[in-house]
Amino acid sequence: MEIPYTVEVRRDTGLTNGKIGIWLFLASEVMLFGALFASYILIRTGAPSWPRGDTILNVPLATFNTIVLIASSVTMVMAWASLMRNRFGTFRIYMGATILLGLVFLIVKYFEYGAKFEHNLYPSTNNFLAIYFTLTGLHMLHVFGGMVVNAYFWGPGSKLWKTNPTWFTQRVEHSGLFWHFVDLVWIFLFPTLYLL
Amino acid sequence: MTTTTDHAVDIDKHVRIYITVFVALMVLTIVTVAISYLHLPVHLAVTVALLVATVKGSLVACYFMHLISEKKLIYAVLLLTLAFFIALLALPTLTHSNGFWIHETVQPAASSPGTGH
């Protein structure tokens, strides 16, 4: 039996299974990061003193990474727009750029982490570094996860375009929603950890 | 045919919006970093930084995630999420500096035990 509402929308909700599914998943993600943000507030307000992020962390590198992630959000939405315009070649270019920008973000983060470890700054060093590594580490896992899904749609998953272009476009839209969410989380992480 | 043309025009309009939002996000990123160099008092710095981040986040959610024109059920899901999210963030805020639920119980060494508040 075929699963209903994979491509066609339900009349009452106006949504497909995939659309409602990804939003419910993102709702759970809001709570996951929300719990860690709440922990950050609790630890910070309970501490006798708290360092300004820029005295420990590298602000220029993080600013660069913020620009990289925002740019990747634009290439992601352009990849989807390319499919909506029926231009598969352009989709591949934009999706490829999104994956590469994600990779740039992770490489910069690798160097940032490396610099901290070189100076013997570990999650166990103090509460600031503990929450910094936890929040950015979880965020990095999300970037990596998004890259894997995007790489699938860039490569083997794109076969669907030939047989069911509408479904493929919707799938790219849904992976895009996740990618934008990851960008959105970073928009809050950046000032919270690095600048305040 | 008319529908296809309308559809293409619609996407072109979307793309122009994406570019505008991209520029706005870049400008706001520079604003965020620039403000941090002013070394404002902590409370003001937190307020301004979170305000700018909220504007940036809203731009991403409204335009890149298309929340500006989404179906009612999605709004309902997000409204419920928002309520729980606010409650989650309110918990540590309310317990801050001898708030409603957590009270300082550590007494100075000189005071006798059992005389807490």
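For the structure, see preceding data.
Just so you know, these numbers come straight off a predicted model, no measurement behind them.

Colleague: I keep staring at the packing of helix α1 (residues 17-46) of chain A against helix α4 (residues 127-154) of chain A and nothing clicks. Help me out?
Modeller: In a pair of packed helices, the angle between the axes and the distance between the axes together describe the arrangement. All names here are of chain A. Contact geometry for α1 and α4: axes closest at 10 Å, N-to-C directions at 170°. The angle between the axes of α1 and α4 places the two elements in the roughly antiparallel class. The hand of the α1/α4 crossing is left-handed. Judged by residue contacts, Glu29, Leu32, Phe33, Leu36, Ser39, Tyr40 and Ile43 of α1 engage Asn127, Ile131, Thr134, Leu135, Leu138, His139 and His142 from α4.

Colleague: How should the packing of aromatic side chains be read in this particular structure?
Modeller: Both the distance between ring centres and the angle between the ring planes are used here to describe each pair of aromatic rings. All names here are of chain A. A full pass over the atoms with the stated rule returns 23 aromatic pairs over all chains. When the ring of Phe117 is compared with that of Phe133, the centres are 5.5 Å apart and the planes differ by 15°; the resulting orientation is stacked. Remark: Phe133 occurs in helix α4 and Phe117 occurs in helix α3 (residues 88-118); sequence separation between them is 16 residues. We classify Phe133 as buried; its relative accessible area is 8%. Ring geometry for Tyr132 against Phe133: centres 5.1 Å apart, planes inclined by 65°, an arrangement best described as edge-to-face. For the pair Tyr132 and Phe133, a shared accessibility class is recorded, and that class is buried. An aromatic cluster is defined as three or more aromatic residues linked by ring pairs; in this entry it consists of Phe105, Tyr113, Phe117, Tyr122, Tyr132, Phe133, Trp186, Phe190 and Tyr194. The ring centre of Trp154 lies 4.7 Å from the NZ or CZ of Arg92, which sits over that ring. Above the face of the Trp167 ring, Arg171 is positioned so that its terminal group lies 4.9 Å from the ring centre.

Colleague: Sorry if this is basic, but what is going on with the side chain of His174 of chain A here?
Modeller: Mapped onto the fold, His174 of chain A is located in helix α6 (residues 165-195). Look past the residues within four positions of His174 of chain A in its chain and what remains in contact with it is Thr16, Gly18, Lys19 and Ile22 of chain A.

Colleague: Explain the nonpolar core to me, please; I cannot follow it from the model alone.
Modeller: Soluble globular proteins tend to pack their nonpolar side chains together in the buried interior. Grouped together as the largest cluster of nonpolar side chains are 81 residues, with contacts concentrated most on Val172 and Tyr194 of chain A together with Met65 of chain B. The biggest single contributor to this core is α6 of chain A, with 16 residues.

Colleague: Mind showing me how you'd approach the interface of chain A and chain B here?
Modeller: Interface size, as often reported, equals the accessible area lost upon joining of the parts. Each partner contributes residues to the interface: chain A has 47 residues there, and chain B has 43 residues. Both faces combined, the contact of chain A with chain B buries some 4,000 Å², and carbon together with sulfur accounts for 82% of it. Counting the contacts that link chain A with chain B gives two salt bridges. The salt bridge involving Glu70 of chain B is made with Lys19 of chain A; its shortest N-O contact spans 3.2 Å.

Colleague: For this particular structure, what's the right way to read a nonpolar patch on the surface?
Modeller: Residues and elements named next belong to chain A. Together, Leu100, Leu103, Ile107, Tyr110 and Phe111 line one region of the surface with nonpolar side chains, adding up to about 560 Å² of accessible area. In this fold, Ile107 is placed in helix α3. Exposure remark for Ile107: the relative accessible area of 42% places this residue in the partly exposed category.

Colleague: Sorry if this is basic, but what is going on with helix α2 (residues 59-84) of chain A here?
Modeller: Residues spaced three or four apart along an α-helix face the same direction, because each turn holds 3.6 residues. A rise of 1.5 Å per residue sets the reference length of α2 of chain A, with its 26 residues, at 38 Å; its end C-alpha atoms lie 38 Å apart and thus fit the reference within 8%. Of all 26 residues in α2 of chain A, 21 are buried, a share of seventy percent or more.

Colleague: Before we go on, may I ask you to explain unusual backbone geometry in this structure?
Modeller: With glycine set apart, most residues show a phi of negative sign, and most peptide bonds adopt trans. Located in the positive-phi region is Asn120 of chain A, a residue other than glycine, with phi close to 55°. For Asn120 of chain A, a relative accessible area of 52% puts it in the exposed group.

Colleague: Looking at this structure, I do not really get the pattern of salt bridges. What am I missing?
Modeller: A pair can form between side chains of opposite charge whenever their charged atoms are brought close. Counted according to the given criterion, the structure contains six salt bridges over all chains. The shortest N-O distance in the salt bridge between Glu173 of chain A and Lys19 of chain A comes to 3.3 Å. Here Lys19 of chain A lies in helix α1 and Glu173 of chain A lies in helix α6, a separation of 154 residues in the sequence. Here Lys19 of chain A falls in the buried class, since its relative accessible area comes to 12%. A network of salt bridges, in which partner residues are shared, links Lys19 and Glu173 of chain A together with Glu70 of chain B.

Colleague: Is there a simple way to explain the environment of Asp183 of chain A in this structure?
Modeller: Topologically, Asp183 of chain A is positioned in helix α6. On the basis of relative accessible area, Asp183 of chain A is assigned to the buried category, the value being 1%. Separated by 41 residues in sequence, Asp183 of chain A and His142 of chain A have C-alpha atoms that sit 9.9 Å apart. When sequence neighbours within four positions are dropped, the list of residues in contact with Asp183 of chain A reads Leu69, Ile70 and Ser73 of chain A together with Val60 of chain B.

Definitions and limits used
- Residues numbered from 1 in each chain as written.
- Chains lettered and ligands numbered in written order.
- Predicted model: local features only at pLDDT ≥ 70, side-chain atom pairs only at ≥ 80, totals over all residues.
- Heavy atoms only, no water.
- Axes fitted to C-alpha atoms, helices over the stretch in contact; angles between N-to-C directions.
- Helix = DSSP H or I, 4+ residues; strand = E, 2+ residues; numbered from the N terminus.
- Parallel < 35°, antiparallel > 145°, perpendicular 65-115°, else oblique.
- Left-handed = near helix turned anticlockwise from the far one by under 90°.
- Contact = heavy atoms within 4.5 Å.
- Phe/Tyr/Trp six-rings, centres within 6.5 Å; stacked < 30°, edge-to-face > 60°.
- Buried < 20%, exposed > 50% of the residue type's maximum accessible area, 1.4 Å probe, protein only.
- Lys NZ or Arg CZ within 6 Å of the ring centre and 35° of its normal.
- Core = buried A, V, L, I, M, F, W, Y, C linked by side-chain atoms within 4.5 Å.
- Buried area = accessible area lost by both parts, 1.4 Å probe.
- Salt bridge = Lys/Arg side-chain N within 4 Å of Asp/Glu carboxyl O.
- Patch = residues over 30% accessible without salt bridge, like charges linked within 9 Å, V, L, I, M, F, W, Y side chains within 5 Å.
- Areas by Shrake-Rupley, 256 points an atom, 1.4 Å probe, with all protein chains shown as cover.
- Expected span 1.5 Å × (residues − 1).

Just distances and angles here, no functional claims.
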